[in-house]
Amino acid sequence: MATCKILFFLFLALYISCGKCDVFYKRVGDEVSMNCGAPSNSDTEWKFDNVLIFNVKGKTGAKLKGPSHIVLKASTNGENLKVSRLETRDSGNYICSYSGSVKQHNIYVVSVFAKPGPVLVQSSDAELHCDITGNSNTQVQWLRPPNGQKHNEKSQVIKLKSVTSKDAGQWTCQVKDALTLSVTLTVVDLQTTAVNVSEGDDTKLPCSLPQSVSQRVVGGKWKADHLSDVSFPTLKNTENKGLHWNGKDLSKVNFTTEQLSTKFDVTLKNVQHRDAGKFVCTVEFEGGASRSVEMTLTVFGKNSGGQGFNKGKGKTPSIKEILTKNVYGIELWVWIAVGASSVVLIGLIIVTVLVRQRNKRMKERVRKLRSMRQPLTAKDYCRCKRMMTTFTWRISRDYFHKIV
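Computed from a predicted structure; not experimentally measured.

**Some details on the overall build of the protein**
A count of helices and strands for the protein gives 4 helices and 28 strands. Residues counted as buried form 35% of the 404 residues belonging to the protein. Within the protein, residue pairs in contact and separated by at least 24 positions form 53% of the contacts whose partners lie at least 6 positions apart.

This is how it looks when you write it as structure tokens:
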């Protein structure tokens, strides 16, 4: 009976002390500081989930480190314990003991993330987690995009079904009005463009994602109902090769054998009028989501004078379509850019050569002019002086005679 009373009072003491617990909600990577409230020069002991962190002697300040992993990133002066770089595993109960007294602190490390990831393909499913480690029952408030409206569900995990562009943006989790954490969702879809090509040329059938998505691509294919005799490759994702095209018949459709990521283009070879029509690219994702995109192929006759042919209907191609035309495996605009750059480079070379030749001719001319200017010798100087004296005497004599 006495033992039961002791246990009862022990649990009562723990309940009362827990009611005075300091509770902290912190982000992953944050820092937390806890105060023990011990008198100065008191011996203190800090524990995490009953595992020793520090034992500090109040008079000398000597510290004894315990086996807890918290000791690797914690510091203390006895009265205060500071823990930096918080992780989810740091959530739990911190106890400070001194002079027979105990003070408890509860730390909850919160993390926010999306499953399978923040970049989602349209119409797929996702989960948003506001994970309060060690306290899964606490309700939170979710704010959804675009303007932070309150979401109906207040659980730590909410499920999004068949996401669309309306679900894209910043989702915010509010914890006890003291902490907010956010995760940004991006929703993408398959992309393609119409293709115009001249009869007899090869052309690329475009199909791609604007960026890598969190869902794993598990399969996919190209299809053209009007070309039942043409074999298209299929997408496979294996452990050895990763995501790649799988196919054998290369007579009409060509494709890369390298590992794929976000581009699922194939090349249609030797295009004829019968090939014009609708082509569908389908990509399948883990979890059951699947996306398809349709593109139109227009074929022009070689001698049609620019008139298009698409199942008997003419259509003039736009400048963008002409520039993106595939020529020998490279788009036309690339050839034009290379040609223009080459012309500019050749022009610069010619101008440089002409300037160098002009400078060379000017240097030769200056050199010749300098060589023609001979300095006067002493003999030439004396002769010149005698001639000037004789000339001056004759002018003076003639002038005298005129006066007389």
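**Let's talk about the packing of aromatic side chains**
Tallied over the full model, the rule gives 3 aromatic pairs. Each ring, one from Phe 232 and one from Phe 279, has its centre 6.3 Å from the other, and the planes form 75 degrees; the classification is edge-to-face. Placement of Phe 232 in the loop between strand E19 (217-223) and strand E20 (234-238) and of Phe 279 in strand E24 (residues 277-285) is noted, with a sequence separation of 47 residues between them. Of the residues examined, Phe 279 reaches a relative accessible area of 0% and is grouped as buried.

**Some points on the confidence of the model for the protein**
Confidence along the protein averages 84 in pLDDT terms, with 82% of residues attaining 70 or more. Mean pLDDT values for the elements of the protein range from 41 in helix H1 (residues 2-19) up to 95 in E24. Considering only residues more than four positions removed or in separate chains, one finds that residues 1-19, a stretch of pLDDT under 50, has 3 contacts.

**Let's talk about the nonpolar core**
Counting 36 residues, the largest nonpolar core has Trp 222, Phe 264 and Phe 279 as the members making the most contacts within it. Going through the elements one at a time, strand E10 (119-121), strand E17 (195-198), E19, strand E21 (242-246), strand E23 (266-268), E24 and strand E25 (290-300) are the ones with two or more residues in this core. If sequence neighbours within four positions are ignored, Phe 264 has contacts with Leu 190, Cys 207, Ser 208, Leu 209, Trp 222, Leu 235, Leu 243, Trp 245 and Val 283. Listed in part, the 23 residues of the second largest apolar core include Leu 128, Ile 132, Val 140 and Trp 142.

**Re the pairing of E24**
Put simply, side chains in a regular strand alternate between the two faces of the sheet. Across 6 bridges, the pairing between E19 and E24 is antiparallel. Bridging across to E24, Trp 222 finds its partner in Cys 281. Sheet topology note: the E24/E25 ladder contains 8 bridges and is antiparallel. Bridge assignment links Val 280 to a residue of E25, and that residue is Glu 294.

**Structural notes on the pattern of salt bridges**
Two side chains that carry opposite charge are able to pair once their charged atoms sit near each other. Applying the stated criterion across every chain, the model contains 13 salt bridges. Between Asp 167 and Arg 144 there is a salt bridge whose closest N-O contact spans 3.1 Å. Residue Asp 167 is located in the loop between strand E14 (157-160) and strand E15 (169-175), and its partner Arg 144 is located in strand E12 (residues 141-144); the two are separated by 23 residues in the primary sequence. Arg 144 shares its class with Asp 167; the two are buried. A salt bridge links Arg 274 to Asp 275; the shortest N-O distance between them is 3.7 Å.

**Things to note about the state of the cysteines**
Under the definition given, this model contains 3 disulfides. There is a disulfide in this structure between Cys 130 and Cys 173, and the S-S distance comes to 1.9 Å. Because the sign of the S-S torsion sets the handedness, a value of about -75 degrees for the bond joining Cys 130 and Cys 173 places this disulfide among the left-handed ones. Here Cys 173 lies in strand E15 and Cys 130 lies in strand E11 (residues 126-132), a separation of 43 residues in the sequence. You can call Cys 173 buried: its relative accessible area is 0%. With its sulfur 2.1 Å from that of its partner, Cys 207 forms a disulfide with Cys 281. One disulfide, between Cys 207 and Cys 281, carries an S-S torsion of -70 degrees and so falls in the left-handed class. One end of the pair, Cys 207, is in the loop between strand E18 (203-205) and E19; the other, Cys 281, is in strand E24, and 74 residues separate them in sequence.

**As for the pairing of E25**
Pairing of E17 with E25, which is carried by 4 bridges, proceeds in the parallel orientation. Across the sheet, residue Ser 198 finds its bridge partner in E25, namely Phe 300. In textbook terms, the turn of a hairpin is the stretch between consecutive antiparallel strands, and for E24 and E25 this stretch comprises 4 residues, one of which, Gly 287, has a positive phi near 100 degrees.

**Observations concerning a positive patch on the surface**
Taken together, Arg 358, Arg 361, Arg 365 and Lys 368 make up a surface patch of like positive charges. With respect to the secondary-structure elements, Arg 361 resides in helix H3 (residues 332-372). According to the relative accessible area criterion, Arg 361 is exposed, its value standing at 53%.

**Considering unusual backbone geometry**
Following Lys 115, the chain continues to Pro 116 via a peptide bond in cis, the omega torsion being 5 degrees. Its place among the elements puts Pro 116 in the loop between strand E9 (101-115) and E10. One non-glycine residue, Asn 270, adopts positive backbone phi at about 50 degrees. With respect to the helices, strands and loops of the structure, Asn 270 is situated in the loop between E23 and E24.

**Points about the environment of Val 32**
Residue position: Val 32 is located in strand E2 (residues 32-35). Put simply, Val 32 and Lys 82 are 50 residues apart on the chain and 5.8 Å apart in space, counted from C-alpha to C-alpha. Excluding residues within four positions of it along the chain, Val 32 makes contact with Phe 24, Lys 26, Leu 81, Lys 82, Val 83, Leu 86 and Ile 107.

**What to know about the side chain of Thr 44**
On the secondary structure map, Thr 44 appears in strand E3 (residues 44-48). A relative accessible area of 2% means that Thr 44 is categorised as buried. Ignoring sequence-local partners within four residues, the contact set of Thr 44 consists of Cys 36, Ala 38, Phe 54, Asn 55, Val 56, Gly 78, Ser 97 and Tyr 98.

The rules behind each value
Residues numbered from 1 in each chain as written. Predicted model: local features only at pLDDT ≥ 70, side-chain atom pairs only at ≥ 80, totals over all residues. Heavy atoms only, no water. Helix = DSSP H or I, 4+ residues; strand = E, 2+ residues; numbered from the N terminus. Buried < 20%, exposed > 50% of the residue type's maximum accessible area, 1.4 Å probe, protein only. Contact = heavy atoms within 4.5 Å. Phe/Tyr/Trp six-rings, centres within 6.5 Å; stacked < 30°, edge-to-face > 60°. pLDDT = per-residue confidence, 0-100. Core = buried A, V, L, I, M, F, W, Y, C linked by side-chain atoms within 4.5 Å. Pairing = 2+ DSSP bridges. Salt bridge = Lys/Arg side-chain N within 4 Å of Asp/Glu carboxyl O. Disulfide = S-S within 2.5 Å. Patch = residues over 30% accessible without salt bridge, like charges linked within 9 Å, V, L, I, M, F, W, Y side chains within 5 Å. Areas by Shrake-Rupley, 256 points an atom, 1.4 Å probe, with all protein chains shown as cover. Lys, Arg positive; Asp, Glu negative; His and termini not counted. Charge placed at Lys NZ, Arg CZ, Asp CG, Glu CD.

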